[in-house]
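Survey of secondary and tertiary structure
Residues per chain are reported as follows:
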Amino acid sequence: MEIVREVARKNAAVIFTKSWCCMCHSMKALLYELGASPAVYELDQHVNGTQMEWGLRALGCCPVVPVVFIGGTLVGSAEDIISLHVDGSLKHMLINAKAIWL
Amino acid sequence: MCSQPVELQPNLFSTSSGQHENWGESNMAESSSRMDTSTDLDPDDKNHKFDAQSAGVGVSDSSDKSKEKTSTLRRLAQNREAARKSRLRKKAYVQQLENSRLKLTQLEQELQRARQQGVFISNSGDQSHVRSANGELAFDAEYARWTEEQNKLINELRTAVNSHASDPELRTLVDNVTAHFNDVFRLKTNASKADVFHILSGMWKTPAERCFMWLGGFRPSELLKLLANQLEPLTEQQLTGIYNLRESSQQAEDALSQGMDALQQSLAETLANGTSGPEGSSGNVANYMGQMAMAMGKLGTLDGFLRQADNLREQTLQQMHRVLTTRQSARGLLLIHDYFSRLRALSSLWLARPRE
């Protein structure tokens, strides 16, 4: 769990993915479209991937990918991201965390 | 020497105690101890023959012979009786069989009708095939029911709008329609867990709807474009709100579409990765199975995309209500419904058009 919090703290926006996960591809695309450049951590490719996966599961993330953190706060899975995007909250969170600039 | 016509009988009347047992439930005990007669022979002919024989026989020794004659006659009578009863039982049994056959035909027809209406009835045969076919039918039937209910709710809303009902009243009706919309998203989620291709392919929609659908349903941004034009007058704030919502929806739609494209590409790569080794080698088989396993895993993520597409639809409708006034929301829902009604009607017209 610590390693996950570390990663989240150090980056304005983080997305945890797996290389073969296409929903992760979608969420990355959405964040890029908004002008963000999230740090991407591929759990199946990263050297600390297994540890990170344990950490995410411990936080209750199911499915374990894709998971997004903005400004150190857990935003959630694809379902959460889409919901927050539709009502405009996602953009505000990204601006507040200085992950994007207008 | 006297012949014993009675003892000849077993040969002449070769029955059928086995046959006899099949003809009726309660008849076995009755007849097992008796010498039964077959129904093929005409009983009268038989008796005449035997009477003649016995008449021809019992002449000289009167007292003994008369006793024999009596017992012979008695046995003949018993045989006739047995034969008669046997014929009656056979007739009853055949009648029973005929009735059962009719009943069976009726039941088969009922079963067929029930299946067509989407009632799930398992078969003793191929379970999986029947189950999935019934699953599709079940969803189609549920969707038909949902559409009917939706029509009813929309008509209530229309009446209220036309009669200039109060805002609270309208609000309730708008909430009812919205909640009902969410019901169909739930239905689709459940159905896609069982059969994602049925939902994705849109076979439960009319052809025109199917042609223009996106990820198993309507494209939210297009619906908003439709509404923005028809819902005037809108305030500046509302116009901005609708515009932003349309943009957000468009972005999310693009993102999900890109994910689907990536999935298709990934699947194609998996299936295309064949080896060029000799046919039937164990390496090839293992490779093939590995490929299929990977492809299966990828197909398993399809219903996630459907779920997020429906999620987007649900969220977009919800946000739309936040931007619009109650009356505008009501009109918006009516516009959406009418649009889809016309699209469905178009499908019917198209299908019924005269062809050269």
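For the structure itself, consult the block above.
Residues numbered from 1 in each chain as written. Chains lettered and ligands numbered in written order. Predicted model: local features only at pLDDT ≥ 70, side-chain atom pairs only at ≥ 80, totals over all residues. Heavy atoms only, no water.

1. As for the overall build of chain B
The secondary structure content of chain B amounts to 14 helices and zero strands. Here chain B holds 356 residues, and the buried ones make up 37% of them. Within the structure as shown, chain B displays about 21400 Å² of accessible surface, and the carbon and sulfur contribution to it stands at 53%. (Helix = DSSP H or I, 4+ residues; strand = E, 2+ residues; numbered from the N terminus. Buried < 20%, exposed > 50% of the residue type's maximum accessible area, 1.4 Å probe, protein only. Areas by Shrake-Rupley, 256 points an atom, 1.4 Å probe, with all protein chains shown as cover.)

2. Thoughts on the overall build of chain A
For chain A, the count of helices and strands is five helices and four strands. Shown N-terminal to C-terminal, the secondary structure of chain A runs as helices and strands in the order α-β-α-β-α-β-β-α-α. Computed over the C-alpha atoms, the radius of gyration of chain A is 12 Å, within 12% of the 13 Å expected from 2.2 N^0.38 for a compact globule of 102 residues. Projecting the C-alpha coordinates of chain A onto the three principal axes gives extents of approximately 35 × 25 × 20 Å. Relative to its 102 residues, chain A shows a buried fraction of 51%. Look at the contacts in chain A between residues 6 or more apart in sequence, and 61% of them connect residues 24 or more apart. When the accessible surface of chain A is summed, it comes to about 5000 Å², and 52% of that surface belongs to carbon and sulfur atoms. Of the charged side chains in chain A, 8 are positive and 9 negative, and the gap between their average positions amounts to 6 Å. (Rg over C-alpha atoms; globule rule 2.2 N^0.38 Å. Contact = heavy atoms within 4.5 Å. Lys, Arg positive; Asp, Glu negative; His and termini not counted. Charge placed at Lys NZ, Arg CZ, Asp CG, Glu CD.)

3. Some details on the packing of helix 7 (residues 167-194) of chain B against helix 13 (residues 302-323) of chain B
Residue and element names in this part refer to chain B. Where helix 7 contacts helix 13, the axes come no closer than 9 Å and their chain directions differ by 175°. Looking at the two axes, helix 7 sits roughly antiparallel to helix 13. Judged by residue contacts, Arg171, Val174, Thr178, Phe181, Asn182, Phe185, Lys188, Thr189, Ser192 and Lys193 of helix 7 engage Asp303, Leu306, Arg307, Asp310, Arg313, Glu314, Leu317 and His321 from helix 13. Of the residues contributing to the contact of helix 7 with helix 13, the split by class is five nonpolar, five polar and eight charged. (Axes fitted to C-alpha atoms, helices over the stretch in contact; angles between N-to-C directions. Parallel < 35°, antiparallel > 145°, perpendicular 65-115°, else oblique. Nonpolar A, V, L, I, M, F, W, Y, C, P; charged D, E, K, R; others polar.)

4. What to know about the interface of chain B and chain A
On the side of chain A, 16 residues touch chain B, which itself brings 20 residues to the contact. When chain B packs against chain A, close to 1600 Å² is buried across both sides, 65% of that on carbon and sulfur atoms. Contact with chain A buries surface across chain B, with B:Gln251, B:Ala255 and B:Gln308 losing the most and accounting together for 28% of the total. Run the count over chain B and chain A and you get one salt bridge. Across the salt bridge formed by B:Arg307 and A:Glu79, the nearest N and O atoms sit 3.3 Å from each other. Applying the counting rule to chain B against chain A returns seven residue pairs in polar contact (both at pLDDT 80 or more). (Buried area = accessible area lost by both parts, 1.4 Å probe. Salt bridge = Lys/Arg side-chain N within 4 Å of Asp/Glu carboxyl O. Polar contact = N/O pair within 3.5 Å; in protein donor to acceptor, adjacent residues only side chain to side chain.)

5. What about a nonpolar patch on the surface?
Residues and elements named next belong to chain B. Among the surface-exposed residues, Leu271, Val285, Tyr288, Met289 and Met292 lie close enough to one another that they form a single nonpolar patch of about 490 Å² accessible area. It is helix 12 (residues 282-299) that contributes the most residues to the nonpolar patch, four residues altogether. Here valine 285 shows up in helix 12. (Patch = residues over 30% accessible without salt bridge, like charges linked within 9 Å, V, L, I, M, F, W, Y side chains within 5 Å.)

6. What to know about unusual backbone geometry
All names here are of chain A. Along the chain, cysteine 62 connects to proline 63 via a cis peptide bond; the corresponding omega equals 5°. With respect to the secondary-structure elements, proline 63 resides in the loop between helix 3 (49-58) and strand 3 (67-70). Omega for the peptide link from valine 65 to proline 66 comes to -5°, which places this bond in the cis form. Even without glycine at this site, lysine 98 takes up a positive phi of about 60°. Along the chain, lysine 98 falls in the segment after helix 5 (89-96).

7. Some thoughts on the environment of A:Glu2
Note that A:Glu2 resides in helix 1 (residues 2-10). Sequence-wise, A:Glu2 and A:Gly76 are 74 residues apart; in three dimensions their C-alpha atoms are separated by 17 Å.

8. Remarks on the pairing of strand 4 (residues 73-76) of chain A
Residues and elements named next belong to chain A. Alignment of strand 3 against strand 4, held across three bridges, turns out to be antiparallel. Counterpart to valine 68 in the pairing with strand 4 is glycine 76. Count of turn residues in the strand 3/strand 4 antiparallel hairpin: two residues, of which glycine 71 carries a positive phi of about 60°. (Pairing = 2+ DSSP bridges.)

9. Thoughts on the sheet that holds strand 2 (residues 39-42) of chain A
Residues and elements named next belong to chain A. Taking strand neighbours across the sheet as the criterion, the four strands line up as 2-1-3-4 in an open arrangement whose pairing is mixed. Among the strands making up the open sheet, the edge pair consists of strand 2 and strand 4. The average angle at which neighbouring strand axes cross in this sheet is 25°, direction not considered. Here helix 4 (residues 78-86) sits on the sheet and contacts strand 3 and strand 4; the angle it forms with strand 4, its principal contact strand, is near 95°.

10. Describing the state of the cysteines
Disulfides are covalent bonds that link the sulfur atoms of two cysteine residues. Residues and elements named next belong to chain A. Per the stated rule, a full pass over the model turns up zero disulfides over all chains. For the unlinked cysteine cysteine 62, the closest cysteine sulfur is that of cysteine 61, found at 8.9 Å. Looking at cysteine 62, the relative accessible area reads 70%, which means it is exposed. (Disulfide = S-S within 2.5 Å.)

That's the geometry; what it means functionally is another story.
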